[in-house]
Amino acid sequence: MSTDAAIEPTYGNWRRPRRAGLGPLGLAGTVGVFGGLVVVLLASLISIQAALVVGAPFLMGIAPLAVRTQDGRNLYQLVALRIGWSRRQSRKEHLYVSGPLSARPEGRFQPPGLLSGVVSREGRDAYDRPFGVLHHKNRHLYTIVLRCEPDGGSLVDPDQVDTWVALWGEWLSRLAHEPGLRGASVVVETAPDPGTRLATEVLPRLDDSAPPAARAVMEEVVDDYPSASSEMNSYITLTYAPVGGPRRDPEDVVTDLAIRVPSLLTGLISAGGGVAEPLTAEEIAEVVRVAYDPGCAGEVLSVRAEHGHTGLEWADAGPVAAVETVDAYQHDSGVSRTWLLTLAPRGTVRSSVLRTMLDASAGTRRKRVALLYRPIDPATSARIVESDRRTAQFMATSGRGMVQARAAAEVRAAEQAAAEEATGAGLVEFSLMLTITVDRHDQLDDASVLVRNMTGATRIAMRPANRMQAAAFTCTLPTGILPWEHTMLPHELQEAM
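A quick note: this is a predicted structure, and the numbers were derived from the prediction, not measured.

With respect to empty space enclosed by the protein
If a probe the size of a water molecule is rolled over the atoms, the empty space left behind becomes visible.
Thought 1: Evaluation of the coordinates by the stated rule reveals one cavity of 30 Å³ or more.
Thought 2: Considered as a void within the structure, the largest cavity measures approximately 70 Å³ in volume.
Thought 3: In terms of residue count, the dominant contributor to the lining of the largest cavity is helix α8 (residues 250-273) (four residues).
Thought 4: Classifying every residue of the lining of the largest cavity gives seven nonpolar, one polar and three charged.

Structural data, given as structure tokens:
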């Protein structure tokens, strides 16, 4: 076996989006600085006192834009977040109660928050397989959910892993050519195995005439096996805007999506996704129901294993009650905390970089890791990589802001990204979110320690989604919630700030 064949491939070359403008000011702050300087200069023609009167408020208004936290927020954004949280508390919007005894006229258990305006539909693809569609009526968006069983990385040659990574990158690049696609997400959910499926498969097959010792062994296996095992589910969500305008008939949109499902599944299978299939509307409701009430997971699996379906509808998939606090989200039988990505690993990583985070963790009821993707169209991708290449070259030749070794690495990375984009590679913006659900609030401290250990092993930086735990919890569900589609300011304006 050659030495080259034993080398495990490495990956990376992602780049943090560059904010336009001078330093931490951003584009809006830079425009404000130059505009304010012009006003101050004009005022100085009148008198020095007039220039001071105009300049003092100008400096006080610009200074908060120059002060930023580790995650890139300026003081204005921090103040806006706290004000928004205070307003939600004063309006009791951080509390949620549903069901027949609530004030809701329908008496159902509709999912709360960002999912309150969602309705469920169902269609059939070209192979006559049913698939569910979540219609986000407030945003005029449609989401389909695919489930896959990825092949594990154990005992797999590095060349095969490299091929899977390349095919996954190709599948992501094709998303930029999907008409109307607004974003995608990959959600990997792990939880302790309740043993329901094993018991359903084994116990009915026990022969009454079997020796007692054999029966005792099988019953002991059914009882003890779940304590040392876990279940893992992988979901891919694709969220579309209707091509032809928001007033298009929803049934026509579902028909268009039915045509795209087979090709999307084929790409997933070739990229190592294993067995892939679309989720029905009932299965989507079951996933959301278990996420809000982890205690019913065994019951849901038992009913589905026994009858083949649960009959659960989307309108009954939400919690009975939910309470959002600054650093947690309590819902039925679980308490959750969500973390947001602030810094991706620098340099190169191996294919197993997220294995620690994706594996089941002891002491947690459920854990979800959500990778959010925002494909960029080819025209915009070309402008971005060329702009990054020119900026890297300027910083390297001017000798400003970074040491020579890092400047040279920036130039090589920018040149490689431009060359790959020119040969047809796609460009996507990505982020990562992590939700951990436990049984009691006092277990969240242990969960925070667990997350710190996981992020240290994966070389990434994350922070809790304080004062927006309910929205962050919803974003990690396989329901197609895209954060940039639910902001008050357009995404481009946020980048400018």
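Quick word on a nonpolar patch on the surface
Thought 1: On the surface, a cluster of nonpolar side chains totalling about 330 Å² of accessible area is made up of Val38, Leu42 and Leu45.
Thought 2: With respect to the helices and strands, the residue Leu42 is situated in helix α2 (residues 26-44).
Thought 3: Owing to a relative accessible area of 54%, Leu42 belongs among the exposed residues under this scheme.

Structural notes on the confidence of the model for the protein chain
Thought 1: Of all residues in the protein chain, 88% attain a pLDDT of 70 or more, and the chain-wide mean is 83.
Thought 2: Scored below 50 in pLDDT, residues 1-5 shows two contacts in the model against residues more than four places distant or in partner chains.
Thought 3: Of the regions scoring below 50 in pLDDT, residues 492-497 engages in 16 contacts with residues more than four places distant in sequence or in other chains.

Brief notes about the pattern of salt bridges
Thought 1: For the structure on display, the rule yields 25 salt bridges.
Thought 2: The salt bridge partner of Glu313 is Arg108, with a shortest N-O separation of 2.9 Å. Of this pair, Glu313 sits in the loop between α10 (297-307) and β9 (321-324) while Arg108 sits in the loop between β2 (95-97) and β3 (118-124), and the two are 205 residues apart along the sequence.
Thought 3: The class of Glu313 is partly exposed, set by a relative accessible area of 46%.

Thoughts on the pairing of strand β14 (residues 427-438)
Thought 1: The sheet contact formed by strand β11 (residues 334-343) and β14 spans six bridges and is antiparallel. Residue pairing in the sheet places Trp339 in a bridge with Leu434 of β14.
Thought 2: Sheet analysis places strand β13 (residues 366-376) next to β14, joined by 11 bridges and oriented antiparallel. Residue pairing for β14: Arg374 is matched across the bridge by Glu429.

A short note on the packing of helix α5 (residues 158-175) against α8
Thought 1: The contact between α5 and α8 brings their axes to 7 Å, and the two run at 155°. With respect to their mutual orientation, α5 and α8 come out roughly antiparallel. When α5 is examined against α8, the residues Trp164, Leu167, Trp168, Trp171, Arg174 and Leu175 are found in contact with a partner set consisting of Leu264, Gly267, Leu268, Ser270, Ala271 and Gly272.
Thought 2: Here the contact of α5 with α8 is composed, by residue class, of eight nonpolar, three polar and one charged.

Describing the packing of aromatic side chains
Thought 1: Per the counting criterion, the structure on display carries five aromatic pairs.
Thought 2: Ring geometry for Trp168 against Tyr373: centres 6.3 Å apart, planes inclined by 70°, an arrangement best described as edge-to-face. Note that Trp168 is positioned in helix α5 and Tyr373 in strand β13, a separation of 205 residues in sequence.
Thought 3: Trp168 sits in the partly exposed class, given a relative accessible area of 24%.
Thought 4: Relative accessible area serves as the criterion here: at 9%, Tyr373 is assigned to the buried category.

As for the pairing of strand β4 (residues 130-136)
Thought 1: Counting buried positions along β4 yields six of seven residues, so the element is predominantly enclosed.
Thought 2: Of the strand pairs in this sheet, β3 and β4 are connected by seven bridges, and their pairing is antiparallel. Across the sheet, Glu122 pairs through a bridge with Gly132, a residue of β4.
Thought 3: In this structure, β4 lies alongside strand β5 (residues 141-149), joined through four bridges in antiparallel fashion. Looking at β5, one finds that Leu134 is bridged to Thr143.
Thought 4: Between β4 and β5, which pair antiparallel one after the other, the connecting turn spans four residues, and His140 there sits at a positive phi close to 55°.

Each value, and the rule that gives it
- Residues numbered from 1 in each chain as written.
- Predicted model: local features only at pLDDT ≥ 70, side-chain atom pairs only at ≥ 80, totals over all residues.
- Heavy atoms only, no water.
- 1 Å grid on protein atoms, 1.4 Å probe; cavity = no way out; pocket = protein on both sides within 12 Å on 5 of 7 lines; lining within 4 Å.
- Points joined across faces, edges and corners; volume = space filled by probe spheres on them.
- Helix = DSSP H or I, 4+ residues; strand = E, 2+ residues; numbered from the N terminus.
- Nonpolar A, V, L, I, M, F, W, Y, C, P; charged D, E, K, R; others polar.
- Patch = residues over 30% accessible without salt bridge, like charges linked within 9 Å, V, L, I, M, F, W, Y side chains within 5 Å.
- Areas by Shrake-Rupley, 256 points an atom, 1.4 Å probe, with all protein chains shown as cover.
- Salt bridge = Lys/Arg side-chain N within 4 Å of Asp/Glu carboxyl O.
- Buried < 20%, exposed > 50% of the residue type's maximum accessible area, 1.4 Å probe, protein only.
- pLDDT = per-residue confidence, 0-100.
- Contact = heavy atoms within 4.5 Å.
- Pairing = 2+ DSSP bridges.
- Axes fitted to C-alpha atoms, helices over the stretch in contact; angles between N-to-C directions.
- Parallel < 35°, antiparallel > 145°, perpendicular 65-115°, else oblique.
- Phe/Tyr/Trp six-rings, centres within 6.5 Å; stacked < 30°, edge-to-face > 60°.

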